[in-house]
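Letter by letter, the chains look like this.
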Amino acid sequence: MLVWSRPGRIVLWLVFALLFSVLFLAPLAVILLSSLADQWNGVLPSGLTTEHYSDVVQGAAWKAVKASLVTGFLAGAVALVSGTWAALALRIQDATLARVLGVLFFIPSAVPSVSVGLGLLVAFSHPPLLLNGTIAIVMAAHFVLISAFTFGNVSAGLARLSPDFEQVASSLGARPAYRLRHVTLPLLAPYLVAAFGLSFALSMGELGATVMVYPPGWVTLPVSIFSLTDRGDVFAGAALTMVLVAVTLILLLGLERVTGRQARS
Amino acid sequence: MSVPAFTGSNVMDVDAAKIRGAGSNVHFDKVSVAYGAHVVLHPLTLDIAPGEILAMIGPSGSGKTTALRAVAGFVRPASGRIRIGATDVTDLPPYERGLGMVVQNYALFPHMRVEDNVAFGLRAQGADKALIGERVKDSLATVGMSGFAKRYPRELSGGQQQRVAIARALAVRPRVLLLDEPLSALDAQIRRNMVEEIAKLHRDLPGLTILYVTHDQTEALTLADKIAIMRDGRVSSHGPTAELYRRPPNRFTAEFLGRANLLPVTVTEGATGPKGFAKAKLGDALLAGAARGEKPGDKTLLCIRPQHLSLTGDEEHTNRIVGTLKEVHWQGELTHLVLDVDGTPVRVSATRLPVSLPERGSVVPLFFAPGDTSLVPEDARG
Ligand SMILES: Nc1ncnc2c1ncn2[C@@H]1O[C@H](COP(=O)(O)OP(=O)(O)O)[C@@H](O)[C@H]1O
Ligand SMILES: [Mg+2]
């Protein structure tokens, strides 16, 4: 730390704690409280209830959880495979081409997600590729939006990998496929898991593009939350938000445990 | 496939003893390497005989690693051919060249146990289980790491990791072992031990051809049969270790290998006498030294090693120069002196000193034997 005096450090910690609680904890706490609120007109709710949770559980919650999980896993997995493939392939191109293609990969993340959704909707509403109203178009939207991040994560991992490992492997007689399977991918594993975790989390929270393209019967959690609050059902929206937070956190913590164990072994 | 000892099917019936008995030579035939317009290796022609240890030594950036990586197949020569044994490997991918490679930072696979690291090459080549088990045991025993088979690399010290890296390279029974600064990451004490171990390893595997890249002259002098001294992407000199040390062919070699003193002299008489010493003048002093075909009037350098200079003369140490004592560093078994001789700093390493050491600033004589000197031409460049 740059500040060494004791009072200085205490002040820094206080500032940090204040910012953290205002920006980070307060909104979550408000949502948590709303999800349990009976009525909320004053400073605090007038009573607590679990009614909203039973409402959403009886309502569309499970379908939304399922839609979000399936979308997150599939889009995340496809993005992981293609992002890794792209990162590995670009590595053996010459530097300029690699940079240009690398930038191309990042374009979707620079475009507003609503526009990505709109673009897909317009593009795939006509034959020959008629995806409008299918689950596939939701997957496509999520894939487009998250693949830049998997690509970026895996590229960063590759850049940090000393070429010595792969070269020693080659000199010992390992052909490229064997080397990829037994040296490169295992050494990249932490980055692959991190890339997947990030894309999964992004997909779980994606709203802008999904709203544009989702078909009936495939309403993801953020879309449900959006329509609940849009209808004025703020407390139910808050309850569903807590479900979204819980599901995402559980999965990310699970992934973290897997990588943690891998790093220790 | 064109590399017989390295194909999946052959690896199983290769007779280990045969490989140990007969290594392959490595031949650089006008090999040049460029990165873009930047030439880092000028056409290099060099032969490493079967079973020979060639140390490639030179300052950082002189192209040693580039030359080694060209043999391994990771750098494509801009021109020239590289042959290993009878095979032209220039166009072969690294995994078909049948080599073992050890790099400075070991590069042990961190996710594999020691035994799996050592087994890696044979598994990649599809060797059968029994052979792999036997070779892993063998190779670990060769480097004295048998007790560590189940460990992970991070549970080993630097020196132990480097032994495992060597065992991993030996397990595939390479035709040539490439070592790139293998000891640079180790501290001095361990480095000395490892140099001796590598020397012993080569006594046990006399057929193994070794290209040993280093910037450390002690490692090169201890291990190498021959030394190639690199400078700015060219071989500055190449020859048997002792000869290169005793009769350096140019200033760069003399200074890089053993920090020789080089005194500018003028030849007065070419090789004469039974020993073929030439005579040369340094100021007023007339000196004799081993000749290299100089003619009277030639301006050249007289090369004399710090340990061959003495403060006391006798019938053997007949050459005499005088200098002003500038510095004295006592180091226990050795005392290092620096004198100024006609404007040239001269280093002396003395084991025995006169009872009363002359004072700094005093003018003292230095004696040396003509047989310990040689005349060295000034470098064409620099
Ligand atoms: N991949 C590369 N791209 C461009 N220049 C390089 C590359 N690798 C090495 N060089 C240059 O080649 C020269 C020789 O490098 P190297 O063979 O590593 O020297 P050494 O091993 O003797 O220290 C250096 O000037 C270095 O900067
Ligand atoms: Mg080097």
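Structure report, in brief. (Residues numbered from 1 in each chain as written. Chains lettered and ligands numbered in written order. Predicted model: local features only at pLDDT ≥ 70, side-chain atom pairs only at ≥ 80, totals over all residues. Heavy atoms only, no water.)

**Details of the packing of helix 4 (residues 95-110) of chain A against helix 6 (residues 135-160) of chain A**
Residues and elements named next belong to chain A. At a closest axis distance of 7 Å, the pairing of helix 4 and helix 6 adopts a crossing angle of 135°. Between helix 4 and helix 6, the angle is such that the two are oblique. For the crossing formed where helix 4 meets helix 6, the hand is left-handed. Mapping the contact onto sequence places G102, F105, F106, P108 and S109 in helix 4 and V144, L145, S147, A148, F149, F151 and G152 in helix 6. Classifying every residue of the contact of helix 4 with helix 6 gives eight nonpolar, four polar and no charged. (Axes fitted to C-alpha atoms, helices over the stretch in contact; angles between N-to-C directions. Helix = DSSP H or I, 4+ residues; strand = E, 2+ residues; numbered from the N terminus. Parallel < 35°, antiparallel > 145°, perpendicular 65-115°, else oblique. Left-handed = near helix turned anticlockwise from the far one by under 90°. Contact = heavy atoms within 4.5 Å. Nonpolar A, V, L, I, M, F, W, Y, C, P; charged D, E, K, R; others polar.)

**Focus: the interface of chain B and chain A**
Between chain B and chain A, the contact holds 26 residues from the first and 20 residues from the second. Contact between chain B and chain A buries roughly 2000 Å² in total, counting both sides, with carbon and sulfur atoms accounting for 66%. If you sort the residues of chain B by the area they bury against chain A, Y95, M101 and F120 of chain B come out on top, with a joint share of 28%. Viewed at the interface, chain A and chain B are joined by one salt bridge. R175 of chain A is paired through a salt bridge with E96 of chain B; the nearest N and O atoms lie 3.3 Å apart. The interface formed by chain B and chain A contains five residue pairs in polar contact (both at pLDDT 80 or more). The set of elements that each furnish at least two residues to the side of chain B that touches chain A consists of strand 6 (99-102), helix 4 (114-124) and helix 6 (158-171) of chain B. The residue makeup of the side of chain B that touches chain A, split by class, is 17 nonpolar, four polar and five charged. (Buried area = accessible area lost by both parts, 1.4 Å probe. Salt bridge = Lys/Arg side-chain N within 4 Å of Asp/Glu carboxyl O. Polar contact = N/O pair within 3.5 Å; in protein donor to acceptor, adjacent residues only side chain to side chain.)

**Notes on the packing of helix 7 (residues 163-171) of chain A against helix 8 (residues 176-205) of chain A**
Residues and elements named next belong to chain A. Put simply, helix 7 and helix 8 touch, their axes get as near as 10 Å, and they point 165° apart. The angle between helix 7 and helix 8 falls in the class roughly antiparallel. At the point where helix 7 passes helix 8, the crossing takes the right-handed sense. Every residue of helix 8 that contacts helix 7 at F165, E166, A169 and S170 is listed here: R179, V183, T184 and L187.

**Comments concerning the site of ligand 1**
Residues and elements named next belong to chain B. Taken together, Y35, H38, V40, P59, S60, G61, S62, G63, K64, T65 and T66 make up all the residues around ligand 1. Within the contact set of ligand 1, an oxygen atom lies 2.6 Å away from a side-chain nitrogen or oxygen of T65. Contact with the protein chains hides 59% of the accessible area of ligand 1, taken as 560 Å² for the molecule alone. Only strand 2 (38-48) and helix 3 (64-72) provide two or more residues apiece to the shell around ligand 1. At three residues, helix 3 tops the list of elements feeding residues into the shell around ligand 1. When its residues are assigned to classes, the shell around ligand 1 shows three nonpolar, seven polar and one charged. (Near = heavy atom within 4 Å. Areas by Shrake-Rupley, 256 points an atom, 1.4 Å probe, with all protein chains shown as cover.)

**Section: the packing of aromatic side chains**
Aromatic rings considered in pairs are described by the distance between their centres and by the relative angle of their planes. If you walk through the whole model with that rule in mind, you get nine aromatic pairs over all chains. A centroid spacing of 5.0 Å and a plane angle of 15° characterise the contact between F20 of chain A and F24 of chain A, whose relative ring orientation is stacked. Here the residue F20 of chain A and the residue F24 of chain A both occupy positions in helix 1 (residues 6-35), the gap between them amounting to four residues, near one helical turn. F20 of chain A gets classed as partly exposed once you look at its relative accessible area, which sits at 36%. Relative accessible area serves as the criterion here: at 53%, F24 of chain A is assigned to the exposed category. Through pairs of rings, three or more aromatic residues link up here, namely W13, F16, F20 and F24 of chain A. Here R168 of chain B stacks its cationic end above the ring of F109 of chain B, 4.7 Å away from the centre of that ring. (Phe/Tyr/Trp six-rings, centres within 6.5 Å; stacked < 30°, edge-to-face > 60°. Buried < 20%, exposed > 50% of the residue type's maximum accessible area, 1.4 Å probe, protein only. Lys NZ or Arg CZ within 6 Å of the ring centre and 35° of its normal.)

These values are about where atoms sit, not about what they do.
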